[in-house]
Amino acid sequence: MGNIFTVGLFRQMLRSATPVALAALGGLMTEHAGIMNIGMDGMILLGAFTAVAVSIVTGSAFAGTLAAILVGILVGLFFALFVVKFKSDEFIIGTALNIFAGGLTTFLLWAIFGVRGTIRTQAGLPTVNLGIIGKIPFLGEILSGNSLFVYLTVGLVILMWALVYRTPLGFWIRASGEHPATLRTAGISPERMKWLSSTLCGAFCGLAGAQLALGNVTMFSEGMSNSRGYVAFACVIFGGANPVKAYLAALMFGFFDALGYRLQEYNISANLTSMIPYVITVCMMVYVVVRGSRKKAKV
């Protein structure tokens, strides 16, 4: 067991959890606004492609990250246009967005770079050395030397918790999903809050894509989001749209994802170990359904 639960395992846990956690922070905003956004996987994929493509052109990872966020915002506005403005079914729009993103990134990969499968960039997000904290045995080795966004995500979790539960804007966003008529009576447009939530979701998913492509690795490959958007949505539901709980759920996904990679070193089939985090995600959703059923039964 000591050969499995190593510093490398927990560092990989943080790397795997961060893109999921960032997307979950965006997903919980639309969840509070009463929108079921399953299109996050496509948003992450578009963000990852944009981050790598722009970083190749400019040579700057930060330019790629900024472009990924801007693309995420545009996609979030596109999603809100159909869901909020035209009252389309969010499940259908989200599914269409995921399919569209997969096809578009594959097409652009060939049309712009003339390759299929994978492109690489020399630009990557910087790592952060925590100084004296990094000298703490075991724990310091895990916490120090990670991508900048690993630490930024922790700050964003705290910030989003404060926004959702301690500010008037957070109250309005939650009211737009729970009591839109009451919010409208107070003179605030629920539709505007839904537009804002969808935009924030797109921005966070773009950031998640940038971390996935430039923080975890320095490349883009077709379909590299690998259902992380769905996992992020599961984390939102499992955590009750609470930023802290959603982050902890993302860490749990990251742990089992890292565990799967580690088990491959012991000649266990990669096809089997890669299933582990997704099986855990399904178990999370089953738990939510059972818990909800029991609460209704008590009522």
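Relevant structure appears above.
Residues numbered from 1 in each chain as written. Predicted model: local features only at pLDDT ≥ 70, side-chain atom pairs only at ≥ 80, totals over all residues. Heavy atoms only, no water.

Participant: Explain the pattern of salt bridges residue by residue, including any values.
Facilitator: Evaluation of the coordinates by the stated rule reveals one salt bridge. Among the salt bridges present, the one from Glu 191 reaches Arg 184, with a minimum N-O distance of 2.7 Å. On the accessibility criterion, Glu 191 (25% relative accessible area) is partly exposed. Look at Arg 184 and you get partly exposed, because its relative accessible area is 45%. (Salt bridge = Lys/Arg side-chain N within 4 Å of Asp/Glu carboxyl O. Buried < 20%, exposed > 50% of the residue type's maximum accessible area, 1.4 Å probe, protein only.)

Participant: Lay out the nonpolar core in plain terms, naming residues and giving numbers.
Facilitator: One finds Leu 28, Phe 220 and Cys 235 to be the most contacted residues of the largest nonpolar core, which totals 83 residues. Per-element accounting of this core gives the leading share, 13 residues, to helix H1 (residues 7-32). In contact with Phe 220, other than residues within four places in its own chain, are Leu 45, Ala 48, Phe 49, Val 52, Thr 105, Leu 109, Gly 117, Thr 118 and Ile 119. (Core = buried A, V, L, I, M, F, W, Y, C linked by side-chain atoms within 4.5 Å. Helix = DSSP H or I, 4+ residues; strand = E, 2+ residues; numbered from the N terminus. Contact = heavy atoms within 4.5 Å.)

Participant: Could you give an account of the side chain of Asp 41, with specific residues and numbers?
Facilitator: When you line up the elements, Asp 41 lands in helix H2 (residues 40-58). Of the buried charged residues, Asp 41 lacks a salt bridge, with Arg 228 as the closest side chain of opposite charge at 7.3 Å. Excluding anything up to four places from it in sequence, Asp 41 contacts Asn 98, Ser 225, Asn 226, Ser 227, Arg 228, Gly 229 and Tyr 230. (Lys, Arg positive; Asp, Glu negative; His and termini not counted.)

Participant: Tell me about helix H9 (residues 190-216), and please be specific about residues and values.
Facilitator: Its 27 residues place the ends of H9 37 Å apart at the C-alpha level, agreeing with the 39 Å of an ideal helix rising 1.5 Å per residue. Extensive coverage of H9 is indicated by the burial of 21 of its 27 residues. (Expected span 1.5 Å × (residues − 1).)

Participant: Could you give an account of the packing of aromatic side chains, naming the residues involved and the relevant values?
Facilitator: Here the structure, examined in full by the defined rule, presents 11 aromatic pairs. Consider the rings of Phe 10 and Phe 255, whose centres lie 6.2 Å apart with planes at 35°: the pair is tilted. With a gap of 245 residues between them, Phe 10 in helix H1 and Phe 255 in helix H11 (residues 243-263) connect regions that are remote in the sequence. When its relative accessible area of 17% is taken as the criterion, Phe 255 is described as buried. Put simply, the rings of Phe 5, Phe 10, Phe 138, Phe 255 and Phe 256 pair up and form one aromatic cluster. (Phe/Tyr/Trp six-rings, centres within 6.5 Å; stacked < 30°, edge-to-face > 60°.)

Participant: How would you summarise the packing of helix H6 (residues 148-166) against helix H7 (residues 168-178) if you had to cite specific residues and measurements?
Facilitator: In the contact formed by H6 and H7, the axes pass within 5 Å of each other and the chain directions differ by 70°. With respect to H7, the element H6 is oriented roughly perpendicular. In this structure, H6 uses Leu 163, Val 164 and Tyr 165 to contact H7, whose residues at the interface are Leu 169, Gly 170, Phe 171 and Arg 174. Looking at side-chain class alone, the contact of H6 with H7 contains five nonpolar, one polar and one charged residues. (Axes fitted to C-alpha atoms, helices over the stretch in contact; angles between N-to-C directions. Parallel < 35°, antiparallel > 145°, perpendicular 65-115°, else oblique. Nonpolar A, V, L, I, M, F, W, Y, C, P; charged D, E, K, R; others polar.)

Participant: With reference to specific residues and values, describe a nonpolar patch on the surface.
Facilitator: Taken together, Ile 132, Ile 133, Ile 136, Leu 139 and Leu 143 make up a surface patch of nonpolar side chains, about 440 Å² in accessible area. Looking at where Ile 132 falls in the secondary structure, it is placed in the loop between strand E2 (127-128) and helix H5 (139-143). What makes Ile 132 exposed here is its relative accessible area of 70%. (Patch = residues over 30% accessible without salt bridge, like charges linked within 9 Å, V, L, I, M, F, W, Y side chains within 5 Å. Areas by Shrake-Rupley, 256 points an atom, 1.4 Å probe, with all protein chains shown as cover.)

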